[in-house]
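# Tertiary structure, described
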Amino acid sequence: VWANNFSYALVHGIQRFAFIWLAIDLSTSNGVLGAVSFALGIPVLFVSLPAGVFSDRYDRRMLLIVSQVLVLLASLLTALLIWAGLVNIVVTLGLALLVGTGVALGQPVRQAIVPTIVAPDRLMNAITLNSLGQNGSQIVGPAIGGLAIAIWGVGGSFVVQSALMGLGLLLLFMTLLR
């Protein structure tokens, strides 16, 4: 689960960098950059609280899988639209909102699942390790995003995100479904 959480947070760091880079490619307006960043973050305000309630009432494994698949598909769709030349500011805002929704849906579930799978005597260690992974991924994620953009372009960065999400999903299946 830690490896899945790390890959998820890593993708989140890459996404913030890649979406801002995409907005810079599409517009020179600082307002557009702010709007894209806002679209990535605003779902947390509206989705996280209900997602926390859902995580207490429904199968957390399924909620994690749904959030992971949503972000994976949104990242892949973003790459395809970039390569097809169909991306513009409005599409970028919609995709950023979709990705932000997936992140906001998954974050409360990720925090709630740790105490259910870790023994009480190891819980503080698990929380610390999880926090370390999330904080570290926010440093490493943008660096990976920048490297992916340098090598494969901004569309390639979204493919890298999709691949990391897919890897995280595989790790999640291996952990939660055994």
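Residues numbered from 1 in each chain as written. Predicted model: local features only at pLDDT ≥ 70, side-chain atom pairs only at ≥ 80, totals over all residues. Heavy atoms only, no water.

## Observations regarding the packing of aromatic side chains
Counted by the stated rule, this structure contains four aromatic pairs. Ring centres of F17 and W21 lie 5.7 Å apart, and the angle between their planes is 40 degrees; on these two criteria the pair is classed as tilted. With F17 and W21 both in helix 1 (residues 2–26) and four residues apart, the pair spans about one turn of that helix. Take F17: its relative accessible area is 28%, and that puts it in the partly exposed class. Looking at W21, the relative accessible area reads 37%, which means it is partly exposed. (Phe/Tyr/Trp six-rings, centres within 6.5 Å; stacked < 30°, edge-to-face > 60°. Helix = DSSP H or I, 4+ residues; strand = E, 2+ residues; numbered from the N terminus. Buried < 20%, exposed > 50% of the residue type's maximum accessible area, 1.4 Å probe, protein only.)

## What to know about the packing of helix 2 (residues 30–57) against helix 4 (residues 89–117)
The geometry of helix 2 relative to helix 4 is characterised by a closest axis approach of 6 Å and an angle of 35 degrees between their N-to-C directions. The two elements helix 2 and helix 4 cross, and the hand of that crossing is right-handed. Split by residue class, the contact of helix 2 with helix 4 holds 20 nonpolar, six polar and no charged. (Axes fitted to C-alpha atoms, helices over the stretch in contact; angles between N-to-C directions. Left-handed = near helix turned anticlockwise from the far one by under 90°. Nonpolar A, V, L, I, M, F, W, Y, C, P; charged D, E, K, R; others polar.)

## With respect to the layout of surface pockets
Quantified by volume, the largest pocket comes out at close to 180 Å³. Contributing to the lining of the largest pocket are N5, Y8, A9, H12, V44, S48, V103, Q107, R110, Q134, N135 and Q138. Elements that contribute at least two residues to the lining of the largest pocket include exactly helix 1, helix 2, helix 4 and helix 5 (123–176). When residues of the lining of the largest pocket are assigned to their parent elements, the largest contribution, four residues, is made by helix 1. Grouping the amino acids of the lining of the largest pocket by side-chain chemistry returns four nonpolar, seven polar and one charged. (1 Å grid on protein atoms, 1.4 Å probe; cavity = no way out; pocket = protein on both sides within 12 Å on 5 of 7 lines; lining within 4 Å. Points joined across faces, edges and corners; volume = space filled by probe spheres on them.)

## Some points on helix 2
Taking 1.5 Å per residue as the helical rise, helix 2 with its 28 residues ought to reach 40 Å, and the 41 Å between its terminal C-alpha atoms agrees with that figure. Remark: the principal bend of helix 2, roughly 45 degrees, maps to V47, with a proline, P50, within the next four residues. Along helix 2, the residues that are buried comprise V32, V36, A39, L40, I42, P43, S48, A51, G52 and S55. Buried residues in helix 2 make contact with helix 1, helix 3 (60–83) and helix 4. (Expected span 1.5 Å × (residues − 1). Bend = angle between axes of the 7 residues up to and from the residue. Contact = heavy atoms within 4.5 Å.)

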